[in-house]
Amino acid sequence: MSTRPPLNLPARAQAALSIGALGVVFGDIGTSPLYAIKECMAHLPAGDRTEGILGVLSLIFWSLMLVVSLKYLFFVTRADNQGEGGIFALMALIHTKRSAAPRASLGAAVIMILIGAALLYGDGVITPAITVLSAAEGFLNLSDGFRPYVVAIACVILAGLFWAQHKGTKRIGGVFGPVMLLWFAVLAALGAWHVAQHPAVLAAINPVHGLRLLARHPLEIAGLLGAVVLAITGAEALYADMGHFGRRYISLAWYLVAFPGLALNYFGQGAYVLAHPDVTENPFFNLVPHGVPRLLLIGLSIIAAIIASQALITGAYSL
């Protein structure tokens, strides 16, 4: 039986579902700005810095447009199982069919679903580690004296997340959405601030910059695209969690909050790098001045990373 929310809900209920989707569905992709640009910069070929940054931003922007907005929201989410989506819905279908025919052989569909489940388990281990570690590295922007403790801080947070699974997430689930709403608002504000100071970065909207970067550096394509894809990690949650929130409310959360916040922040980081061509550290935390503002951003980043990791880990445990 589908748990898909009805469409004719009051405006307040629709807003609540959309905000809830921010905390569960977009937690993972919402924390990608913590590390995506940093990794892309590490894979930029030597040469014109401006060309490289505009090319990377163009690839990220159009990845968000084509993979998330077009592929998932326009096409994939229409292929639902009575409102449900993702590997969980497919497993339920296979379980139903095999219950009706218990002697059925292990077919190709079952093997594919088992592979998909294994990939989700792998994602549940790797992605939280990267996200939490990237957030903890924010302390390095306060003082290099934190360097010996960054990994330990990340390990303690991750250990706490995995340990908390047996207690469930019902009590803290209610705060996920509002906190992520604040997170996306901060992403958008910081990005818009730096874009206003260096509006030339908006030229990256032109896909020619991304295509030109790939064409001129064919030997670095694998590394570049491998870094760019970090900007869309977690997009599969749109389909997997469709039964909880509904396609309509996930779409509202993406187009009204998540996508503008992510796009503005990526362009803001690009603007900062263009204005400071010698920068080598993570540009995300440099979007705010030293002192209390940066400390607050680090704290919010760690909370957002915890929420994103909690959602993914919970999905793995549910499976």
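Being a predicted model, the structure only gives us computed values, none of them experimental.

A tally of helices and strands in the chain yields 14 helices and zero strands. A burial count over the chain gives 47% of its 319 residues as buried. Pairs at least 24 apart in sequence give 83% of the contacts found in the chain among residues at least 6 apart. Counting every atom, the chain has about 15,400 Å² of accessible surface; 70% of that belongs to carbon and sulfur.

Within the secondary structure layout, S309 lies in helix α14 (residues 292–318). We classify S309 as buried; its relative accessible area is 1%. C-alpha separation for the pair S309 and I130, spaced 179 residues apart in sequence, amounts to 9.6 Å. Setting aside its immediate chain neighbours within four residues, S309 contacts P128, T131, V132 and L161. Among the polar contacts made by the side chain of S309, one reaches the main-chain carbonyl oxygen of A305 at a distance of 2.8 Å.

Within the secondary structure, V175 sits in helix α8 (residues 170–197). What makes V175 partly exposed here is its relative accessible area of 46%. Separated by 132 residues in sequence, V175 and I307 have C-alpha atoms that sit 9.4 Å apart.

All right, on to the packing of aromatic side chains then. What describes a pair of aromatic rings is the distance from one ring centre to the other and the angle between the planes of the rings. With the rule as written, the count across this model stands at nine aromatic pairs. Centroid distance W183 to F284: 5.8 Å. Interplanar angle 40°. Geometry classified as tilted. In this pair, W183 sits in helix α8 while F284 sits in the loop between α13 (247–275) and α14, placing the two residues 101 residues apart along the sequence. Exposure class is identical for W183 and F284. Each is buried. Feature note: the residues F26, F61, W62, W254, F259 and F267 constitute an aromatic cluster, connected by ring pairs. Between the NZ or CZ atom of R78 and the centre of the ring of F74, over which it lies, the distance is 4.8 Å.

The contact between helix α6 (residues 108–136) and helix α7 (residues 150–163) brings their axes to 9 Å, and the two run at 135°. The angle between α6 and α7 places the two elements in the oblique class. α6 and α7 meet at a crossing whose hand is right-handed. Here α6 contributes G124, P128, A129, V132, L133 and A136 to the contact with α7, which in turn contributes V150, V151, I153, A154, I157, L158 and F162. When its residues are assigned to classes, the contact of α6 with α7 shows twelve nonpolar, one polar and no charged.

Going through the model one piece at a time under the given rule, you end up with three salt bridges. Across the pair E137 and K38 runs a salt bridge, and its minimum N-O distance is 2.9 Å. Of this pair, E137 sits in the loop between α6 and α7 while K38 sits in helix α3 (residues 36–42); the two residues are 99 residues apart in sequence, bridging distant segments of the chain. Take E137: its relative accessible area is 21%, and that puts it in the partly exposed class. A salt bridge links R216 to E51; its shortest N-O distance comes to 3.3 Å. Taken as a pair, R216 in helix α9 (residues 208–216) and E51 in helix α4 (residues 49–75) lie far apart in primary sequence, 165 residues in all.

Turning to the side chain of H209, a few remarks are in order. The topology assignment puts H209 in helix α9. Judged by its relative accessible area of 18%, H209 falls in the buried class. Apart from residues lying up to four places away in sequence, H209 is in contact with L54, G55, S58, A203 and A204.

Running from N to C, α4 and helix α10 (residues 221–228) cross one another at 50°; their axes reach a closest spacing of 10 Å. Considered as vectors, α4 and α10 are oriented oblique to each other. Our pair here, α4 against α10, has a crossing hand that is right-handed. Across the interface between the two elements, V56, L59, I60 and S63 of α4 pack against L224, L225 and V228 of α10. Looking at the contact of α4 with α10 residue by residue, the class counts come to six nonpolar, one polar and no charged.

For the chain, the average pLDDT comes to 84, and 87% of its residues sit at 70 or higher. At the low end of the mean pLDDT range in the chain sits helix α5 (residues 86–100), at 66; at the high end sits α13, at 94.

So, how was this worked out
- Residues numbered from 1 in each chain as written.
- Predicted model: local features only at pLDDT ≥ 70, side-chain atom pairs only at ≥ 80, totals over all residues.
- Heavy atoms only, no water.
- Helix = DSSP H or I, 4+ residues; strand = E, 2+ residues; numbered from the N terminus.
- Buried < 20%, exposed > 50% of the residue type's maximum accessible area, 1.4 Å probe, protein only.
- Contact = heavy atoms within 4.5 Å.
- Areas by Shrake-Rupley, 256 points an atom, 1.4 Å probe, with all protein chains shown as cover.
- Polar contact = N/O pair within 3.5 Å; in protein donor to acceptor, adjacent residues only side chain to side chain.
- Phe/Tyr/Trp six-rings, centres within 6.5 Å; stacked < 30°, edge-to-face > 60°.
- Lys NZ or Arg CZ within 6 Å of the ring centre and 35° of its normal.
- Axes fitted to C-alpha atoms, helices over the stretch in contact; angles between N-to-C directions.
- Parallel < 35°, antiparallel > 145°, perpendicular 65-115°, else oblique.
- Left-handed = near helix turned anticlockwise from the far one by under 90°.
- Nonpolar A, V, L, I, M, F, W, Y, C, P; charged D, E, K, R; others polar.
- Salt bridge = Lys/Arg side-chain N within 4 Å of Asp/Glu carboxyl O.
- pLDDT = per-residue confidence, 0-100.

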